[in-house]
Amino acid sequence: MSTQLTRRQTIRLLSGTLALPFLTPPPALGNASPVRVRPVPASGESLPVIGMGTWRTFNVGSDPGLRQARTQVLATFFERGGRVIDCSPMYGSSADVLGDALNRLSVPSDLFAAEKVWTGDGSATAEQVTEQRQEWDIERFDLMQIHNLLSWREHLRNLRDMKESGKIRYIGITTSHGRRHGDLEQIMASEPLDFVQLTYNITHREAEQRLLPLAQDKGIAVIANRPFDGGYLIKRLKRDYQVPDWAAQECDCQSWAEFLLKFIVSQPSITCAIPATTRISHMQENMDAIRGELPDAQLRRRMARHIESL
Amino acid sequence: MIASLTSYSLQDFIPFTAEVYLRMLERMNENDWPLHVLMYALTLFSVIQALGTHRHRTFAMLSLSLIWLWVAVSFLYQSYAQINWAATWFAAAFGFEALLLVWMAIRSPEAASSPPRFVRTIALLIAALAMAWPVFSPVGRSSWAQCESVGIHADPSAVLTLGILLLLFSGWRLWLLTLIPILWCIVSMLTLKVLGLDQFMVLMGILVIGFAAMIRASRVSQDCIRNTRESR
């Protein structure tokens with residue numbers, strides 16, 4: 001998956017540049033449409049509804065060419081209004097690559113850095129937070145999450161201490177693939193949390209039954225991971241189907257990325273979705289979902305039925 | 001917990017894309033060239049020695065151990081570990097295999113009879129495939145620079161070792177020495193499958209014929225032991 005501009009994209013870019021004086025700026029560049037945000041219940045802080053994940057996509061090791069390519073993807077993310085970035089020690093060199101990219105671009109003042117603790121050693125919370133912070137090369141994480149509930153009791157205790165001393169701003173827990181929803185529910189019901197991250201997309205909506213209502217009741221922000229089902233869903237849709245006309249007409253969905261992401265973030269309990277990509281063009285599509293109309297409940301049902309019918 | 005574990009797929013254990021993996025192979029070639037020439041000389045030497053007398057077989061194993069040690073350090077620990085947290089463990093396993101080969105070389109195994117024709121044929125076929133790896137490994141990839149070579153990358157090195165050990169050993173020694181190469185081939189085969197790289201089928205084929213040869217070699221070994229006991 002190359003992030004280099006294709007010849008078609010280059011020609012398009014040059015043409016657009018030459019025609020610029022005669023056109024109104026596109027919404028993404030001219031900010032004609034506002035960035036859609038959701039509040040973090042714990043504080044009221046607003047976050048854009050589309051963030052960026054880094055599972056597999058930013059794990060490129062020390063290769064200079066690939067690091068430069070990921071920097072360009074990150075630049076596009078920021079240019080299009082993105083703030084929330086999610087990473088984990090489990091993702092190999094992703095944090096280091098992120099740190100490199102942030103240094104090249106200079107860290108935006110409104111960056112929302114979300115990391116995870118991923119160690120079975122419950123006493124190593126602070127140590128791992130420090131390691132990851134050094135990888136990112138930032139002063140402080142906004143959100144620290146316990147990855148896949150690993151040693152969650154010890155880590156939660158330690159993260160609370162860190163939050164009280166101002167070393168982090170929010171704490172959360174994560175799962176993915178619909179795993180351990182029972183445990184997630186118990187922890188959400190019994191522990192004070194700011195965030196929960198789970199898998200929610202148009203083909204995996206189990207969280208709607210209990211977890212999302214619980215999150216709303218408890219005032220917990222929800223980050224939706226695997227919005228494209230690990231990539232399989234969107235690849236199949238792009239390969240075999242066109243975005244239906246009614247989706248474009250009724251909620252501005254021009255691409256499958258926008259269709260799938262708007263479905264997710266139109267769920268009232270969802271604060272933010274975090275798609276991951278290696279390509280500038282895909283990042284542009286993802287970030288189109290941060291603006292424009294969102295489907296209402298009726299349209300959401302129609303979208304879900306449409307995908308089920310394919 | 002079991003239900004939770006079964007919900008994991010292979011892809012969950014591969015934290016990188018095919019693009020990154022292939023680029024890593026390419027960078028190994030860029031960084032290590034012209035070491036490939038020396039490694040191929042060592043490979044040829046190993047194969048020729050493995051076809052020789054007992055004394056020369058020891059040199060073959062020592063040559064193999066050098067290959068395993070270099071791959072452990074250069075490929076697995078220094079390169080692969082950047083993108084795969086499990087690679088540090090793989091490097092340790094490769095280092096252990098290098099020690100195992102040295103140990104067996106120093107012990108000077110008893111003069112073994114030549115393997116049966118079937119095993120010898122399979123062994124030479126596997127060794128030849130390992131040496132031909134740079135030719136077919138780039139097929140389907142974006143660049144010939146993404147080819148893999150014995151002594152530089154892990155896959156052909158493990159495959160070569162399997163072939164040579166089939167020529168040299170039978171019985172428990174064969175199974176002991178081939179355990180890590182076989183496990184590596186399985187891990188790599190699964191990794192390539194997840195990444196969508198068709199070369200996993202080559203590794204799968206090698207594992208199948210390799211196992212067949214090892215079972216044949218073991219039966220011949222058992223027959224020899226039984227015949228020896230009966231003759232006493």
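Student: Quick rundown of the overall build of chain A? Include the residues and the values.
Tutor: Each helix and strand in chain A was counted, giving 13 helices and 9 strands. In chain A, which comprises 310 residues, the share counted as buried stands at 46%. Here the analysis covers contacts within chain A between residues at least 6 apart in sequence; of these, 78% occur between residues at least 24 apart.

Student: I'd like to hear about the pairing of strand β4 (residues 112-117) of chain A, residue by residue, with values.
Tutor: Residues and elements named next belong to chain A. Of all 6 residues in β4, 6 are buried, a share of seventy percent or more. Residues F112, A114 and K116 line one face of β4 and the alternating positions A113, E115 and V117 line the opposite face, and both faces are buried. Bridge analysis of strand β3 (residues 84-86) against β4 gives 3 bridges, and the strand direction is parallel. Paired with I85 across the bridge in β4 is A113. Considered for its hand, the β-α-β crossover made up of β3, helix α4 (residues 94-105) and β4 is right-handed. Strand direction decides the pairing type here: β4 and strand β5 (residues 141-146), joined by 4 bridges, are parallel. Across the sheet, E115 pairs through a bridge with M144, a residue of β5. Note on the crossover from β4 through helix α5 (residues 125-136) to β5: the handedness is right-handed.

Student: How would you sum up the environment of A:L299? Please name residues and give values.
Tutor: Residues and elements named next belong to chain A. Along the polypeptide, L299 turns up in helix α13 (residues 297-309). Sequence separation between L299 and E250 is 49 residues, and the spatial gap between their C-alpha atoms is 8.3 Å. Look past the residues within four positions of L299 in its chain and what remains in contact with it is E250 and C251.

Student: Would you mind going over the pairing of β5(A) in detail, with residue names and values included?
Tutor: Residues and elements named next belong to chain A. Taken across its 6 residues, β5 has 6 buried, putting it largely inside the fold. As defined by bridge partners, β5 adjoins strand β6 (residues 168-174) across 5 bridges and the pair is classed as parallel. Its bridge partner lying in β6, M144 is registered against I171. Following the chain from β5 across helix α6 (residues 152-164) to the adjacent parallel β6, one finds a crossover that is right-handed.

Student: Tell me about the packing of helix α6 (residues 117-131) of chain B against helix α8 (residues 154-168) of chain B, and please be specific about residues and values.
Tutor: Residue and element names in this part refer to chain B. Running from N to C, α6 and α8 cross one another at 155°; their axes reach a closest spacing of 8 Å. Compared by their axis directions, α6 and α8 come out roughly antiparallel. Relative to α8, the crossing made by α6 is left-handed. Listed contacts from α8 to V119, R120, I122, A123, L124, I126, A127, L129 and A130 of α6 are P156, V159, L160, L162, G163, I164, L166 and L167. By residue class, the composition of the contact of α6 with α8 is 15 nonpolar, 1 polar and 1 charged.

Student: Describe the interface of chain B and chain A, with residues and values.
Tutor: Each partner contributes to the interface: chain B provides 15 residues, whereas chain A provides 17 residues. It is helix α2 (residues 18-32) of chain B that contributes the most residues to the side of chain B that touches chain A, 5 residues altogether. Considered class by class, the residues forming the side of chain B that touches chain A number 6 nonpolar, 6 polar and 3 charged.

Student: An account of the environment of B:Q49 is requested, with residue identities and associated values reported.
Tutor: Residues and elements named next belong to chain B. Here Q49 lies in helix α3 (residues 35-50). The sequence separation of Q49 and L99 amounts to 50 residues, and the corresponding C-alpha distance is 19 Å. Other than its neighbours up to four places away in sequence, Q49 contacts H56, R57, F59 and A60.

Student: Lay out the confidence of the model for chain B in plain terms, naming residues and giving numbers.
Tutor: All names here are of chain B. A residue-level look at chain B finds 89% of positions with pLDDT of 70 or above and a mean pLDDT of 89. Element-level mean pLDDT values for chain B span from 54 in helix α1 (residues 2-6) up to 96 in α8. Both confidence scores are given for the complex: pTM 0.87, ipTM 0.86.

Student: Account for unusual backbone geometry, naming residues and giving values.
Tutor: Each neighbour pair has its own omega, and for B:W33 with B:P34 the value is 10°, a cis peptide bond. Note that B:P34 resides in the loop between α2 and α3. A positive phi angle is found at A:R226, which is not glycine, with a value near 50°. Inspection of the secondary structure assignment puts A:R226 in the loop between β8 (221-225) and α9 (232-240).

Student: A description of the sheet that holds β6(A) should follow, citing residues and the corresponding values.
Tutor: Residue and element names in this part refer to chain A. Spatially, the 7 strands line up as an open sheet ordered β3-β4-β5-β6-β7-β8-β9, and their pairing is parallel. A single partner strand is all that each edge strand has here, and the edge strands are β3 and β9 (272-273). Sheet strands in contact with α6 are β4, β5 and β6, and its direction is about 165° off that of β6.

Student: Account for the confidence of the model for chain A, naming residues and giving values.
Tutor: Residues with a pLDDT of 70 or more make up 90% of chain A, whose mean pLDDT is 91. Scored below 50 in pLDDT, residues 16-30 of chain A makes 7 contacts in the model with residues more than four places away or belonging to other chains.

Student: Can you break down α6(A) residue by residue, with the values?
Tutor: All names here are of chain A. Taking 1.5 Å per residue as the helical rise, α6 with its 13 residues ought to reach 18 Å, and the 18 Å between its terminal C-alpha atoms agrees with that figure. Within the sequence span of α6, burial applies to W152, H155, L156, N158 and L159. In this fold, the buried residues of α6 make contact with β4, α5, β5, β6 and α7 (181-190).

Student: Outline α5(A), listing residues and values.
Tutor: Residue and element names in this part refer to chain A. Helix length check: α5, at 12 residues, gives a terminal C-alpha distance of 17 Å against a target of 16 Å (1.5 Å per residue), a fit within 8%. Of the positions making up α5, those classed as buried are T125, Q128, V129, Q132, R133 and W136. The buried residues of α5 occupy one face: seen down the axis, they fall within an arc of 135°. Among the exposed residues of α5, those oriented more than 90 degrees off its buried face are E127, T130 and Q134. On its buried side, α5 packs onto α4, β4, β5 and α6. Following α5 by one or two positions, D137 has its phi on the positive side, about 60°.

Cut-offs applied
- Residues numbered from 1 in each chain as written.
- Chains lettered and ligands numbered in written order.
- Predicted model: local features only at pLDDT ≥ 70, side-chain atom pairs only at ≥ 80, totals over all residues.
- Helix = DSSP H or I, 4+ residues; strand = E, 2+ residues; numbered from the N terminus.
- Buried ≥ 20, exposed ≤ 12 C-beta atoms within 10 Å, placed from the backbone.
- Contact = placed C-beta atoms within 7 Å.
- Pairing = 2+ DSSP bridges.
- Right-handed = clockwise from strand over helix to strand, strands pointing away.
- Axes fitted to C-alpha atoms, helices over the stretch in contact; angles between N-to-C directions.
- Parallel < 35°, antiparallel > 145°, perpendicular 65-115°, else oblique.
- Left-handed = near helix turned anticlockwise from the far one by under 90°.
- Nonpolar A, V, L, I, M, F, W, Y, C, P; charged D, E, K, R; others polar.
- pLDDT = per-residue confidence, 0-100.
- Expected span 1.5 Å × (residues − 1).
- Arc of directions from axis to C-beta.

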